[in-house]
Amino acid sequence: MAQLISLMIDDKPVKVPEGTLIVNAAKKVGIDIPVFCYHPKMEPVGMCRMCLVEIGRPQIDRETRKPVLDEQGNPVIQFGPKLETACTTPVSEGMVVMGMSDKVKKGRQDILEFLLTSHPLDCPICDKGGECPLQNLTMEHGPGVSRFLYDEKMHLAKHYPLGDLILLDRERCIQCGRCVRFQDEIVGEPVIGFEQRGRSLQIETFSDPGFDSYYSGNTTDICPVGALTTTDFRFGARPWELKPVASVCSQCPVGCNITYNIRREARAGGRYVIKRVLPRQHEEVNEIWICDKARFAGYQYAESPERLTRPMLRRNGELVESSWDEALQVVAERFKAATGGLVTYAGGRLSNEDLFNLKQLTEGLKGQAILKSSIGGGVLVAQMGVAKGTDLGKLGAGDAILVIASDLQEEAPIWWLRVKQAADRGATLIVVNPRQTRLDRFATHTLRYDYGSETATVLAMINALESKKTRLPDWLAKYRPNRFQTAAAKAFAGAKNGIILFGQEGMDLPRSQELALACANLLFLTDHLGSPNNGLIGVWESANTQGAWDMGFRPSTELKEMFSSARAVYVVAADPAGDDPSLADALEQSEFVVVQELFLTSTARLADVVLPVTAQPEREGTYTTGERRVQRFFPAIPAPGGVIPDYEIAARIGERSGLKMENRAASLVFAQLAARVSDYEGLSYRSLAETHEQWPIIGRDDLYYGGTAYENTQGLGVQLMPSSQKRKIFQVNWQEPPVRVSGKGLLGVPITRLYDRGATVTPSRSLASRVPGPFILVNETTAQKLDMHNDAPVQLMLAGSAYSAMLRVDTAVPESVVLVPRSLGIPLSELQPVDIRVAETTPA
Amino acid sequence: MLKEIVRGLSTTFRQIFEKPVTIQYPEVKRPVRPRFKGRHILKRYDNGLEKCIGCSLCAAACPADAIFVEAAENTDELRYSPGERYASTYEINLLRCIFCGYCEDACPTEAIILGDNYELSFTDRRSAIYTKEMLIEPVKPGGKPTPQKVEPGKFTRSIPDMQDPQD
Ligand code: SF4
Ligand code: SF4
Ligand code: SF4
Ligand code: SF4
Ligand code: FES
């Protein structure tokens, strides 16, 4: 614990830890010192001079080294001749800070007068107007008149696209450098920067495509003026017209807390629509950041005109609209008749309530509850997951994070950011991946392996440990560590806290299952289990995959057989036919297929019954993150008429099949869930909605301090405890990769990209230009061998079928390996031999 | 008694020959006072561009919450108003309006003024909502209707005449 320092700020006594900056000390006792360039998440730079205050320090007697006292026995305070910046000056004992003196007021007036010398003052049309720090601080501290000539204002570009998502207004920029420092310090991707100097200083992007970062939207939150605006919200509404609704991002397992800003719109026929997505503070999950996928794709799908709004039944081979009663009756009858032969196949996009009810229904009809997931190990994550109180933001020197088989930035961007920052703070970062990823730059240890050998790598690391705990079983002996693996293993074992994140890179179900077991062993043997900041985290493909595991859904390797032999298949929030054509064939063979979806997917097209559902922003529910934190989301906009939430559909089908199920409200389903699922015991919507004060204090009426992210007043959720305290070494059956890359054969490897063609991403207008068509990645040598060049249209031969794609050359790809991104139209789900051919040129 | 009758009738006869104060509304209309506040008009510049820049400040100022604005972005191909922003939707609910004129005061471009028209009667609530098309004044002679195709870089300022905020 750092030593406490006492000082006076504006006649208020303050006690803060040593090293605290004056602005923050003032903030803690509710005194506002205005800032522009300082941001509590970044290092101070002292560029804008807005925070100038008068600072007095006790006079020290040179001989006695004691403070000099006046007649009354009070220390004599000596004030400096000049104002000092409160954002760069740390507190010291006995300091006296004056933030309201005439000198300080004059200082602020002058700084504002300077900042406005070339400011366009087009507040009426500025998207920041109403929540603008410059506007607010000018009103509060500004001089009221300017001595500068209006005609000498600079006229600069007002619509300068930094990228597809962010626009810059060069006149409005006050050169505080927050955006540049965010990209550089926090993200570590300095794709924007300053150009020119003096009065001509301006922001420029240095990447191609422009502002190429998954975190770009955050700069618009922290920009203290309206210089940076997002393309989706530009001129969308004035801030005071928007209502905030708390939610949780539905795009990946991080579970970032967000706020939907909603407003009624004439364009939407007077309905409420979501105008923008802003972060909501949760220091243990996403701090005050979100990624661009959440900001630009997280909601737009809900507004898509393609949404299904009526149930459909197949009649004479055609899907025709029907009433809910009729559709549910048909489904219930067929399901009942299929008792014992029902397969429920659900995606991780569903909420816990949906999954619980679906599981109840499936169990009641003696069916199988199957999870759509290409990676396994969820049960292990529940048992060996990080304990309550975990916060990646607290990890630093002495702690270790191991990221294996994951391109973390593509799979879970905010985890990437937090892991990177932990590494910045001195945590040992061990990155284990077959190819270089963006995390490698921050890694202490980088281990490579051949695709398919991830488990062997972890087992070798285990072998490198000098464990006194248990004798290592004999089957482990054959995994001999090399010196890099030994070093990494030792570093991990020696760390105070250790977390392992395992992901989706090159993974299929059996392999990842083994990998999870191996990781669990490593955690057990290095004693990184059962306490906060220790344990296993699954980087799942969907927001609530962990919840689905917890509700009892399990993935299966035998989907094809299962579908084709099922008497009824119930597909919810998944598109197996679209993912893999062979599953479409299997579904054709099953007797009865029900699809519950937002859109008419490929699977829905071949279904016997299609049931339309409510989208996430239109309903209530909970998600469980990869760190096993259960968080609530709230209804933001009204659902289109005719759709019903998933949990309710499941319950109504259940009731018609003679089961007793809850269909009235998500909260009641959750109450049942909490009573029956042991890990969730004691949770309720009320406990999930509890909050406590977080630091830094943001989102109140001082937007200049933290930016426009929202304060969290609607709930921080509850992190679950790992379910089992059993400690043992699991037997791991690692199998050599089925296809060894021989001389000229090519190995196809599935990888994950953030911007894919998932059902909720494709309808996004903003991201449209960023979502690529099908492409594959090879390295130069492979490309040369194939006699192909970058951006060549090719055909990927996969299990006898040809898929068109663009070939891209990427030096990070290992030789003879073809990386195939998931969800971009090529159904590669496991390591598989592939072939590449020149695309047949189709005459235009 | 007779005296009283004569006095009364003389008043009557005097009035008969005076100019009547009643006017034959609606055939005849009395001109309104200079500061009369009637139905709103959305103004145009002489070249036809709309003065309204879709800033919603009128809506924010309105004590009756009668105004609804939605904005969109201008391009030089399709330009409605000078600068980047224009009102793509502009509606005033005249059942809510209390004709206070705050909207006039709030407008940074003097785009909205309360005009002379007081003939506001509706048969249903819906028709009390005046849309942009109903509120905007006709294009002056020599001007062009909006959206206009204009030469690039000419109309970059939303508030062209604001030289000094104190004016
Ligand atoms: S664009 Fe905004 S955040 Fe960036 S330097 Fe300018 S004012 Fe600061
Ligand atoms: S990191 Fe994941 S949860 Fe967070 S905003 Fe991005 S997609 Fe959503
Ligand atoms: S005159 Fe007053 S009440 Fe009527 S629209 Fe304007 S501000 Fe609102
Ligand atoms: S009428 Fe004036 S105040 Fe209202 S939106 Fe238009 S420009 Fe803004
Ligand atoms: S100099 Fe202190 S906030 Fe900018």
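Draft legend 1. Region of the structure containing helix α7 (residues 324-337) of chain A. Residue and element names in this part refer to chain A. With 14 residues, α7 extends 20 Å between its outermost C-alpha atoms, agreeing within 8% with the 20 Å of an ideal straight helix rising 1.5 Å per residue. What α7 keeps buried is the set Ala 327, Leu 328, Val 331, Ala 332, Arg 334 and Phe 335. The secondary structure elements touched by the buried residues of α7 are β15 (312-315), β17 (342-346), β24 (568-572), β25 (593-597), β26 (609-612) and α20 (646-656).

Draft legend 2. Quick peek at the sheet that holds β25(A). Residue and element names in this part refer to chain A. Reading across the sheet, the 7 strands line up as β16-β15-β26-β25-β24-β17-β18 and stay open at both edges, with mixed pairing between neighbours. A single partner strand is all that each edge strand has here, and the edge strands are β16 (318-321) and β18 (368-371). Adjacent strand axes in the sheet meet at a mean angle of 20° when their direction is disregarded. As paired elements, β15 and β16 share 4 bridges and run antiparallel to each other. Pairing of Leu 313 across the sheet is with Val 320, part of β16. In the packing of α7 onto the sheet, contacts are made with β15, β17, β24, β25 and β26, and the angle to β26 comes to roughly 125°.

Draft legend 3. Layout of the nonpolar core. Residues and elements named next belong to chain A. Grouped together as the largest cluster of nonpolar side chains are 264 residues, with contacts concentrated most on Val 35, Ala 346, Val 419, Ile 500 and Cys 519. With sequence-adjacent residues up to four places away left out, Ala 346 is seen in contact with Leu 355, Leu 358, Leu 371, Lys 372, Ala 548, Phe 553, Val 572, Ala 573 and Ala 574. In terms of nonpolar packing, the next biggest core, distinct from the first, is built from 24 residues, Ile 751, Leu 777, Val 820 and Leu 828 among them.

Draft legend 4. Focus on the sheet that holds strand β8 (residues 166-168) of chain A. Residue and element names in this part refer to chain A. Pairing in this open sheet of 3 strands is antiparallel, and the strands run β7-β8-β11 from one edge to the other. Every interior strand has two partners, whereas the edge strands, β7 (160-161) and β11 (228-230), have only one. Pairing geometry for β7 and β8, over 2 bridges, is antiparallel. In the strand pairing of β8, Pro 161 is matched with Leu 167.

Draft legend 5. A look at the interface of chain A and chain B. Across the boundary between the two partners, chain A contributes 14 residues, which contact 21 residues of chain B. Looking at the side of chain A that touches chain B, its residues break down into 6 nonpolar, 1 polar and 7 charged.

Draft legend 6. Representation of the domain arrangement of chain A. Its domain assignment divides chain A into domain 1 (4-100), domain 2 (151-303), domain 3 (324-377 + 551-688), domain 4 (378-539) and domain 5 (746-838). A separation of 57 Å is found between the C-alpha centroids of domain 1 of chain A and domain 5 of chain A.

Draft legend 7. Fine view of the environment of Val91(A). All names here are of chain A. Examined against the element boundaries, Val 91 turns out to sit in the loop between β5 (84-85) and β6 (96-98). Exposure remark for Val 91: the 26 C-beta atoms within 10 Å place this residue in the buried category. Residue contacts for Val 91: discarding those within four places in its chain leaves Ile 5, Leu 7, Val 16, Thr 20, Ile 22 and Ala 25.

Draft legend 8. Summary view of unusual backbone geometry. All names here are of chain A. Residue Pro 209 follows Asp 208 across a cis peptide bond; omega there is 0°. Structurally, Pro 209 can be placed in the loop between β10 (202-205) and α5 (217-222). The backbone phi angle of Asp 11 is positive, close to 65°, even though this residue is not glycine. With respect to the helices and strands, the residue Asp 11 is situated in the loop between β1 (4-9) and β2 (12-17). With a phi angle near 60°, Ser 823 is a residue other than glycine that sits in the positive phi range.

Draft legend 9. The packing of helix α8 (residues 352-364) of chain A against α20(A), seen in detail. Residues and elements named next belong to chain A. At their nearest, the axes of α8 and α20 sit 8 Å apart, and the two run at 20° to each other. Comparing the axis directions of α8 and α20 gives the class roughly parallel. The two elements α8 and α20 cross, and the hand of that crossing is left-handed. When α8 is examined against α20, the residues Glu 353, Asp 354, Asn 357, Leu 358, Gln 360, Leu 361 and Gly 364 are found in contact with a partner set consisting of Asp 646, Tyr 647, Ala 650, Ala 651, Ile 653 and Gly 654. Looking at the contact of α8 with α20 residue by residue, the classes come out as 6 nonpolar, 4 polar and 3 charged.

Draft legend 10. Region of the structure containing the pairing of strand β28 (residues 629-633) of chain A. Residue and element names in this part refer to chain A. Within β28, 5 of the 5 residues are buried, which leaves the element mostly enclosed by the surrounding structure. Alternating residues of β28 divide into Arg 629, Gln 631 and Phe 633 and Val 630 and Arg 632, and every residue in both groups is buried. Pairing between strand β27 (residues 621-624) and β28: 4 bridges, direction antiparallel. Within β28, the residue paired with Thr 622 across the bridge is Arg 632. Between the antiparallel neighbours β27 and β28 lie 4 residues, among them Arg 628 with a positive phi of about 60°. Taken together, the 2 bridges between β28 and strand β29 (residues 718-719) define a ladder with antiparallel strand orientation. Counterpart to Val 630 in the pairing with β29 is Val 718.

Reading the values: the criteria
- Per chain, residues are indexed from 1 in the order of the written sequence.
- For this description, chains carry letters from A and ligands carry numbers from 1, given in the order in which they are written.
- Two thresholds apply to this predicted model, a pLDDT of at least 70 for residue-level local features and 80 or more for giving and counting side-chain atom pairs, whereas whole-chain, interface and lining totals are computed over all residues.
- Starting at the N terminus, helices and strands are each numbered in turn, a helix being any DSSP run of H or I of at least four residues and a strand any DSSP run of E of at least two.
- Every helix has an expected span of 1.5 Å times one less than the residues it contains.
- Counts of 20 or more other C-beta atoms within 10 Å of a residue's own C-beta define buried residues, counts of 12 or fewer define exposed ones, and intermediate counts define partly exposed ones; C-beta atoms are placed from the backbone.
- Contact between residues is assigned whenever the C-beta positions, reconstructed from backbone atoms, fall within 7 Å.
- What makes two strands pair is DSSP finding at least two bridges between them.
- Each axis is a line fitted through C-alpha atoms, and for a helix only the stretch in contact is used; angles between axes span 0 to 180 degrees, taken between their N-to-C directions.
- Joined through C-beta atoms within 7 Å, a set of buried Ala, Val, Leu, Ile, Met, Phe, Trp, Tyr and Cys residues constitutes a nonpolar core.
- In this classification, the charged set is Asp, Glu, Lys and Arg, the nonpolar set is Ala, Val, Leu, Ile, Met, Phe, Trp, Tyr, Cys and Pro, and all remaining amino acids, among them Gly, are polar.
- Where each domain begins and ends is defined by an automated method or by a domain database.
- Angles are sorted into four bins: roughly parallel if under 35 degrees, roughly antiparallel if over 145, roughly perpendicular if 65 to 115, and oblique for all others.
- Definitions for this section: a left-handed crossing has its near helix turned counterclockwise from the far helix by less than a right angle. A right-handed crossing has that turn clockwise.

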